[in-house]
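Structural overview for review
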Amino acid sequence: MRELLTIGTFARAARLSPKALRLYDEAGLLRPAAVDGESGYRYYDPAQLERARLIARLRRLGMPLARIRRVCDLPAQDAAEEVAAYWRQVTAETRSRDRLAAFLVDHLSGRGSAVQDATTTLEILYAARSEPGPVRTSNEDFAYADERLLAVADGMRGQGGDRASAAAVDALNRLLTLPVPAEDLLGAIADAVGDAERAIREIAASMPSGEAVTTLTALVWSGSRPALVHIGDSRAYLFRGGGLFQITHDHSYVQSLIDEGRLTPEEAASHPRRSLLVRALTGAGSSLPDLSMREAAPGDRYLLCTDGLPGVVPARVLRETLGGPGGPQQVVDELIDRAYAAGAPDNVACVVADVTARPAAEEDSTAAGEAGAAR
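Residues numbered from 1 in each chain as written. Predicted model: local features only at pLDDT ≥ 70, side-chain atom pairs only at ≥ 80, totals over all residues. Heavy atoms only, no water.

Considerations on the packing of helix H1 (residues 7-14) against helix H3 (residues 49-60)
Note the following rule: Inter-axis angles, ranging from 0 to 180 degrees, are taken between N-to-C directions of lines fitted to C-alpha atoms, where helices are fitted over the stretch in contact. Going along the chain from the N terminus, every DSSP run of H or I of four or more residues is numbered as a helix, and every run of E of two or more is numbered as a strand. Here roughly perpendicular refers to angles of 65 to 115 degrees, roughly parallel to angles under 35, roughly antiparallel to angles over 145, and oblique to all remaining angles. Helix crossings get a hand from a simple test, with the near helix turned counterclockwise from the far one by less than a right angle marking a left-handed crossing and a clockwise turn marking a right-handed one. By definition in these notes, contact holds between two residues if any of their heavy atoms fall within 4.5 Å. Residues are sorted three ways: Asp, Glu, Lys and Arg are charged, Ala, Val, Leu, Ile, Met, Phe, Trp, Tyr, Cys and Pro are nonpolar, and all the rest, Gly among them, are polar.
Where H1 meets H3, the closest approach of the two axes is 9 Å, and the angle between their N-to-C directions is 60 degrees. Classed by the angle they form, the pair H1 and H3 counts as oblique. Judged by the sense of rotation from one axis to the other, the crossing of H1 with H3 is right-handed. Contacts from Phe10, Ala13 and Ala14 of H1 reach H3 at Leu49, Ala52 and Arg53. The residue makeup of the contact of H1 with H3, split by class, is five nonpolar, no polar and one charged.

As structure tokens, then:
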């Protein structure tokens, strides 16, 4: 029989402290091989060293103990994918906090206050539409547009997804009924997303499957600086100066493979797991959205869409359509027509909005929008 090591000897070999080993024991991560019945002294098998070192490394990454337990119980390849997914989440949240910190620095130092000339204000002309696609019998996608909120959400898991997508957009809509200073907008949006998560948790609890999932991509307008909130694989694009720029990053499994250089965008389009998300609103509150402030300018055109549009309509065609002479409603209709012409195997929801400048002194009581909510 292999000789057991005392907790002190094992701690030195694993480069851990006895206190850490006791914590891992209490958390069920690393039970001692034997415990003295009288003294309560712990003894460890040398074969446990590899697991102890893995736990220590994962702790240095900042991984929570509950997630470490899951990693340790997985086969090696699955464990590697779980660690990669965790680190993608950490880096995405760090980027989001970095953008928030940069915004706060600019705001507090006064560098970000003068965005537009005082004699002009920005307004948006918009249209929204959502369609089930010719091969679908239900539509869980949601599209919404008004003068302060542009949003799309792609629900999943049937009826639960339908209600989840609507709840996510509704949480942002309720936010706009409150007086929120521009400098507090990102924090208020984060709170609204928390409200959406709680609503989705209740929806999931009422479903036979116990699940309700949705993506959310939205622009919340405060003066000339829209705030972008994004989680999942719906997208936001900016058409400016004849160029089309994707301003969101897909939170999908295939996008993570692209980021790691293991897959090309062309290969991702036909990958069997292309619809698998690594971040979404599920009611669990375990994934945070990307949050950022953006600068808008007259002449900008925004497109927000669920994955059913770029999944079948190439970026080149999106750019050509957005660069056409039509207004937002005409462009929305043309984009959905193009998706249908390509087969539209998924639901399609999109919002198009044009940014225009209006003299601040000009009295204009007409509605800015061409359309409202659609689903």
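Here's the deal with the side chain of histidine 271
Quick reminder of the rule: The buried label applies to any residue whose accessible area, calculated with a 1.4 Å probe on protein chains only, is under 20% of its type's maximum; exposed applies above 50%, and partly exposed to all values in between. Identification of polar contacts relies on pairs of N or O atoms within 3.5 Å, with a donor-acceptor requirement for protein atoms, meaning one able to donate a hydrogen and the other able to accept it, and with residues adjacent in sequence counted only if both atoms are side-chain atoms.
As for its position among the elements, histidine 271 is in the loop between helix H9 (265-268) and strand E12 (290-293). For histidine 271, a relative accessible area of 16% translates into the label buried. Within the local environment of histidine 271, its side chain forms a polar contact with the backbone nitrogen of arginine 273, the two atoms lying 3.0 Å apart. Beyond its immediate stretch of four places on either side in the chain, histidine 271 contacts Tyr253, Val254, Leu257 and Leu263.

Some words on the pattern of salt bridges
Pairs can form between side chains of opposite charge whenever their charged atoms are close. Using the following cut-off: Whenever Lys or Arg places a side-chain nitrogen within 4 Å of a carboxyl oxygen from Asp or Glu, that contact is recorded as a salt bridge.
Taken as a whole, this structure holds 16 salt bridges when the rule is applied. Residue arginine 67 is joined to glutamate 82 by a salt bridge in which the shortest nitrogen-to-oxygen separation is 2.9 Å. Of this pair, arginine 67 sits in helix H4 (residues 65-72) while glutamate 82 sits in helix H5 (residues 76-109), placing them 15 residues apart in sequence. The pair arginine 67 / glutamate 82 is uniform in exposure class, with both members buried. With its nearest N and O atoms 3.2 Å apart, the salt bridge here joins glutamate 295 to arginine 225. Remark: arginine 225 occurs in strand E9 (residues 225-231) and glutamate 295 occurs in the loop between E12 and strand E13 (301-305); sequence separation between them is 70 residues. With relative accessibility at 40%, the residue glutamate 295 sits in the partly exposed group. Judged by its relative accessible area of 16%, arginine 225 is buried.

Some details on the nonpolar core
For clarity, the threshold we go by: Here, nonpolar core refers to any group of buried Ala, Val, Leu, Ile, Met, Phe, Trp, Tyr and Cys residues whose side-chain atoms link them within 4.5 Å.
Counting residues in hydrophobic clusters, the biggest one holds 32 residues, and the most contacted among them are Leu149, Val169, Leu172, Ile189, Leu216, Val229 and Leu281. Those elements that place two or more of their residues in this core are strand E5 (141-145), strand E6 (149-156), helix H6 (159-175), helix H7 (185-206), strand E8 (216-222), E9 and E12. Broken down by element, the residue count for this core peaks at nine residues, all from H7. Not counting chain neighbours up to four residues away, the residues in contact with leucine 149 comprise Tyr144, Val169, Leu172, Asn173, Leu176, Ala218, Leu219, Val220 and Trp221. Of all hydrophobic cores here, the second largest spans 25 residues; its members include Phe10, Tyr44, Leu49 and Val71.

Focus: the packing of helix H10 (residues 315-322) against helix H11 (residues 328-341)
Contact pair H10 / H11: the axes reach a minimum separation of 10 Å and the direction vectors enclose 155 degrees. Between H10 and H11, the angle is such that the two are roughly antiparallel. Of the two possible hands of crossing, H10 and H11 adopt the one that is right-handed. Touching Val317, Leu318, Thr321 and Leu322 of H10 are Val331, Glu334, Leu335 and Arg338, all from H11. Along the lines of polarity and charge, the residues of the contact of H10 with H11 split into five nonpolar, one polar and two charged.

Quick notes on the confidence of the model for the chain
Spelled out, the test is: The pLDDT score gives, residue by residue, the confidence of the prediction method on a 0 to 100 scale.
When pLDDT is averaged across the chain, the result is 85; 87% of the residues are at 70 or more. Taken element by element, the chain is modelled with least confidence in H5, mean pLDDT 74, and with most confidence in E13, mean pLDDT 98.

Observations regarding the state of the cysteines
The following threshold applies: Note that a disulfide, as used here, is simply two cysteine sulfur atoms within 2.5 Å.
Enumeration over the complete set of coordinates arrives at zero disulfides. A disulfide-free cysteine, cysteine 305 has its sulfur positioned 7.0 Å from the sulfur of cysteine 350, the nearest such atom. The exposure class of cysteine 350 is buried, given its relative accessible area of 0%.

What to know about the sheet that holds strand E2 (residues 34-35)
Heads up, the condition is: Being paired, for any two strands, means DSSP has found at least two bridges between them.
With respect to topology, three strands assemble into an open sheet ordered E1-E3-E2, the strand pairing being antiparallel. The sheet is open, and its two borders are formed by strand E1 (5-6) and E2, each paired with just one other strand. Examined bridge by bridge, E1 and strand E3 (residues 42-44) share two bridges and lie antiparallel to one another. What sits directly across from leucine 5, in E3, is tyrosine 44.

Brief notes about the packing of aromatic side chains
Applicable threshold: Each Phe, Tyr or Trp ring, with Trp reduced to its six-membered ring, pairs with another whose centre is within 6.5 Å; inter-plane angles below 30 degrees give stacked pairs, above 60 give edge-to-face pairs, and intermediate values give tilted ones. Comment: the charge-over-ring label is applied if NZ (Lys) or CZ (Arg) is within 6 Å of the ring centre and within 35 degrees of the ring normal.
This model, assessed by the stated rule, comprises three aromatic pairs. Lying over the aromatic face of tyrosine 253, arginine 273 brings its terminal NZ or CZ to 4.4 Å of the ring centre.

Description of a positive patch on the surface
Which entries qualify depends on this criterion: Two distance rules govern patches: like charges are joined within 9 Å, and nonpolar side chains (Val, Leu, Ile, Met, Phe, Trp, Tyr) within 5 Å, applied only to residues with over 30% relative accessible area and no salt bridge. A 1.4 Å probe and the Shrake-Rupley method give the accessible areas. Residues count as covered only by the protein chains that appear here. Just so you know, the count uses Lys and Arg for positive and Asp and Glu for negative, and it drops His and the chain ends. The location of each charge is read from NZ of Lys, CZ of Arg, CG of Asp or CD of Glu.
Positive charge collects at one region of the surface, where Arg15, Arg53, Arg57 and Arg60 lie side by side. Mapped onto the fold, arginine 15 is located in the loop between H1 and helix H2 (18-26).

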